[in-house]
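Architecture at a glance
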Amino acid sequence: MKASDLFVKCLENEGVEYIFGIPGEENLDVMDSLLDSKIRFITTRHEQGAAFMADVYGRLTGKAGVCLGTLGPGATNLITGVADANMDHAPLVAIAGQASTHRLHKESHQVLDLEEMFRSVTKYSARLLTPDIIPEVVRKAFKVSQTEKSGAAFIEFPENIAEMDVEESYIPAKQPVPPEPPEVRVELAAKIISDAKHPIILAGNGVIRAKAWKQLHEFSQSLKIPVANTFMAKGVVPFAKNPLALGSAGLQAKDYVSCGFDRADVIICVGYDLVEYHPYLWHPTKDRTIIHIDAMPAEVDAHYEVAAGVLGDIKHSLLRIAKIATPHTGNAMRGLRKALVEDMGMHKENLGFPVTPQKIIWDLRTAMELEDIAISDVGAHKMWMSRMFRCEVPNTCIISNGFASMGIAVPGAIAAKLAHPDRKVVAVTGDAGFLMNSQEIEVAMRENIPIVILIWNDSAYGLIEWKQMNQFGRKSNIDFTNPDFVKYAEAFGAKGYRIEKTEDLLPTLKKALEDNTVSIIDCPVDYSENLKLTEKMGEMVCPI
Ligand SMILES: Cc1ncc(C[n+]2csc(CCOP(=O)(O)OP(=O)(O)O)c2C)c(N)n1
Ligand SMILES: [Mg+2]
């Protein structure tokens, strides 16, 4: 069989449904082999878009999303999305074509050492130097990328290898099962929790990757321990149904939830990735007792000294600790939740224009069903979404907070709709992040993938302005102008809406969600709220 045919068969063997990418001259054989496969190729308009699609697909499904580019510039264009998946711990396999092995040793047209280049943004990077190793390399790429902590893998496929003959063979696509936590560690953690005065849980995205949200909710409920989540773990406990939910922790400044960490004597970190939120921000004093419940040993950090590590299947660890630990009263941190809930609702009737961030989020939450998916881009809007967007179901508020790259929302929304065709999907984005990958709207239109894109329009790099004003009291080079987003939408054959008064936002969102095409809403935002939030938090007296 031809090597490229075997390669595609090996991808099928891994259950690959989609490949996102752009064909090139050095992957002609793979592209041709794909014609005889049931794998659907989604031709994108930029390799970065393809990589972000694979990233979000991987994050939502737990199965590696696959993206493909050609050698040289195609591969370098993939890098940002691959790095994003790797640092956000989303399973992804990236594939790039390469020149023939006869010219890799010298200065040669479009040739870069891709295996080397991708090594620093992946868990595994390999070059196919002979066709016989295709089954092993493909299996290893998927196994490594899908195993904790999941992340990216890369395969470089030289064109002369792709056209060689090879014997057909496969390796079964089995994933390792996480081990049971050792009983002594479970008992130690349970004792510390039982003896604690004011325990608090910090839940991270690892809980979602382990699909342990039900066990976390029960753990918090049965032991009556309040739970804060990182941005990427939004929805890990149902906010409305769990009165112990304190909302998201991760604002670089003080927030209500910080008072909970200040008050706590024992901090129970579950599936927590340090990449999201530096321990020094929630544990500056270095004197609290930390319990680490995860599949992997704790990262070393001066502010993260673990008193009891419980390693193994998170679901089992939570169930077993909950069974033997003594419950608390659950009252100590109620005030934090109350303060946050008040903030969430404070602007629900604010008809000031431009629209405040709080009001945009209120209307968005009202328009969307709880199972629908919002994907945030990166900027000031992400801070507001993380803090204020109420999330009841895991994996319904996708936020990149490891690599935190702008430009993820539009391609990410396309992938989310492919992963969950039965749900509505909204890309929530800044005006800058939107234009970084808006070319992918053409893909959504061509492939009939309906999504809503909600642009927070401030004609600026709002988050950077926020930080500059905080630090220096003046802004530096953050303003820009925007195209007419309604006309821009229409140029793609999509629908465009401009919010001209705040009353129009909710009905426009509802209409756009029913449009069954790509709909773009240009919503002017009042970012004077940013500094007001900083001031309010700076002056905050802890409500507990
Ligand atoms: C690819 C990339 N470039 C730069 C940054 C740094 N950065 C973070 S937020 C931001 C501004 C985002 O502006 P916009 O998309 O308009 O969102 P806003 O902050 O205005 O809500 C910048 C430049 C980044 N995170 N990713
Ligand atoms: Mg902006």
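The structure under discussion appears in the preceding block.
Residues numbered from 1 in each chain as written. Chains lettered and ligands numbered in written order. Predicted model: local features only at pLDDT ≥ 70, side-chain atom pairs only at ≥ 80, totals over all residues. Heavy atoms only, no water.

Observations concerning the site of ligand 1
Applied cut-off: If a single non-hydrogen atom of a residue is within 4 Å of a molecule or strand, that residue counts as near it. Polar contacts, as used here, are pairs of N or O atoms within 3.5 Å; protein pairs need one atom able to donate a hydrogen and one able to accept it. Residues neighboring in sequence count only if both atoms are side-chain atoms. For accessible areas, the Shrake-Rupley method is used with a probe of radius 1.4 Å. Any residue's cover is judged against the shown protein chains and nothing else. Amino acids outside the nonpolar list (Ala, Val, Leu, Ile, Met, Phe, Trp, Tyr, Cys, Pro) and the charged list (Asp, Glu, Lys, Arg) are all regarded as polar, and Gly is one of them.
Contacts to ligand 1 come from 18 residues, most closely from Ala-380, His-381, Asp-431, Leu-463 and Tyr-527. Within the backbone of Ala-380, an N or O atom sits 2.7 Å from an oxygen atom of ligand 1. Here an oxygen atom of ligand 1 sits 2.8 Å away from a polar atom, N or O, in the side chain of His-381. Calculation on ligand 1 without its partners gives an accessible area of 590 Å², and the protein chains cover 78% of this total. Across the shell around ligand 1, the residue classes tally to 10 nonpolar, 6 polar and 2 charged.

Overview of a nonpolar patch on the surface
Just so we agree on the cut-off: Exposure above 30% relative accessible area and the absence of a salt bridge qualify a residue for a patch, where like charges join within 9 Å and nonpolar side chains (Val, Leu, Ile, Met, Phe, Trp, Tyr) within 5 Å. Any Lys or Arg side-chain nitrogen located within 4 Å of an Asp or Glu carboxyl oxygen qualifies as a salt bridge. Segments assigned H or I by DSSP are reported as helices when at least four residues long, segments assigned E as strands when at least two residues long, and all are numbered from the N terminus.
On the surface, Met-87, Val-275 and Phe-403 cluster together into a nonpolar patch covering about 210 Å² of accessible area. Position of Phe-403 relative to the elements: it lies in the loop between strand 14 (397-398) and helix 17 (409-419).

What to know about the environment of His-217
Tracing the chain through its elements places His-217 in helix 10 (residues 213-223). Engagement of the side chain of His-217 in a polar contact is seen with the side chain of Asn-242, the distance being 3.2 Å.

Observations regarding the sheet that holds strand 1 (residues 18-21)
Our working definition: Strand pairing requires that DSSP identify at least two bridges connecting the strands. Fitting a line to C-alpha atoms yields each axis, with helices limited to the stretch in contact; the angle taken between N-to-C directions then spans 0 to 180 degrees. By the convention used here, residues are in contact when the closest approach between their heavy atoms is within 4.5 Å.
The parallel open sheet is built from 6 strands, whose spatial order is 2-1-3-4-6-5. Single-partner strands in this sheet number two, and they are strand 2 (40-43) and strand 5 (124-127). Taken over all neighbouring pairs, the strand axes of this sheet differ in orientation by 20° on average, direction set aside. Note that strand 4 (residues 92-98) and strand 6 (residues 152-158) share 7 bridges and pair parallel. Across the sheet, Ala-94 pairs through a bridge with Phe-154, a residue of strand 6. Against the sheet, helix 1 (residues 3-13) makes contact with strand 1, strand 4 and strand 6, and its axis sits at roughly 165° relative to strand 6, the strand it touches most. Running at roughly 165° to strand 3 (residues 65-69), helix 3 (residues 47-61) makes contact with strand 1, strand 3 and strand 4 of the sheet.

Overview of the sheet that holds strand 11 (residues 289-294)
If you trace the 6 strands from one edge of the open sheet to the other, you get 9-8-7-10-11-12, paired in parallel fashion. Unpaired on one side and paired on the other, strand 9 (245-248) and strand 12 (306-311) mark the two borders of the sheet. Between one strand axis and the next, the sheet turns through 20° on average, direction left out of account. Relative to strand 9, strand 8 (residues 227-229) runs parallel, the two being bridged by 3 bridges. The partner of Asn-229 across the bridge, within strand 9, is Ser-248. Contacting strand 7 (199-203), strand 8 and strand 10 (266-270), helix 10 runs over the sheet at an angle of about 170° to strand 7.

Describing the pairing of strand 2
Filter applied, for reference: Crossover handedness is defined by viewing with both strands directed away from the observer: a clockwise path from the first strand over the helix to the second marks the crossover as right-handed.
Direction of pairing for strand 1 relative to strand 2: parallel, over a ladder of 4 bridges. If you follow Gly-21 over to strand 2, its bridge partner there is Thr-43. Where the polypeptide runs from strand 1 across helix 2 (residues 28-34) and back to strand 2, its parallel neighbour, the crossover connection is right-handed.

What to know about helix 22 (residues 505-514)
Put simply, the rule is: Buried means the residue's accessible area, taken with a 1.4 Å probe over protein chains only, is under 20% of the maximum for its type, while exposed means over 50%, and partly exposed covers the values in between. The arc refers to the directions leading from the helix axis to the C-beta atoms.
Taken residue by residue, helix 22 has Leu-505, Thr-508, Leu-509, Ala-512 and Leu-513 as its buried positions. End-on view of helix 22: buried residues confined to an arc of 135°, all on one side of the axis. Where helix 22 is buried, its residues contact helix 15 (357-367), strand 15 (425-430), strand 16 (452-457), strand 17 (495-498) and strand 18 (519-524). Following helix 22 by one or two positions, Asn-516 adopts a phi angle in the positive range, close to 60°.

Re the packing of aromatic side chains
The following threshold applies: Planes of paired rings set the category: under 30 degrees apart is stacked, over 60 is edge-to-face and the rest tilted, where pairs are Phe, Tyr or Trp rings (Trp by its six-membered ring) whose centres lie within 6.5 Å.
Following the criterion strictly, the structure yields 15 aromatic pairs and no others. For the pair Tyr-18 and Tyr-57, a centre-to-centre distance of 5.9 Å together with 80° between the ring planes defines the contact as edge-to-face. Here Tyr-57 lies in helix 3 and Tyr-18 lies in strand 1, a separation of 39 residues in the sequence. The exposure class assigned to Tyr-18 is buried, which follows from its relative accessible area of 12%. Given a relative accessible area of 3%, Tyr-57 falls into the buried group. Where Trp-384 meets Trp-466, the ring centres are 6.3 Å apart and the plane angle is 20°; that geometry is what we call stacked. With Trp-384 in helix 16 (residues 380-388) and Trp-466 in helix 20 (residues 462-472), this residue pair connects regions lying 82 residues apart in the sequence.

Comments concerning the pattern of salt bridges
Following the criterion strictly, the structure yields 38 salt bridges and no others. A salt bridge links Arg-288 to Asp-287; the shortest N-O distance between them is 2.8 Å. Given a relative accessible area of 52%, Asp-287 falls into the exposed group. One salt bridge connects Arg-446 with Glu-447, and the closest N-O pair in it is separated by 3.8 Å. Residue class for Arg-446 comes out partly exposed when judged on its relative accessible area of 36%. The structure contains a network of salt bridges with shared partners spanning Asp-113, Glu-115, Glu-116, Arg-119, Arg-127 and Glu-156.

The values reported here are purely geometric and, on their own, carry no functional implication.
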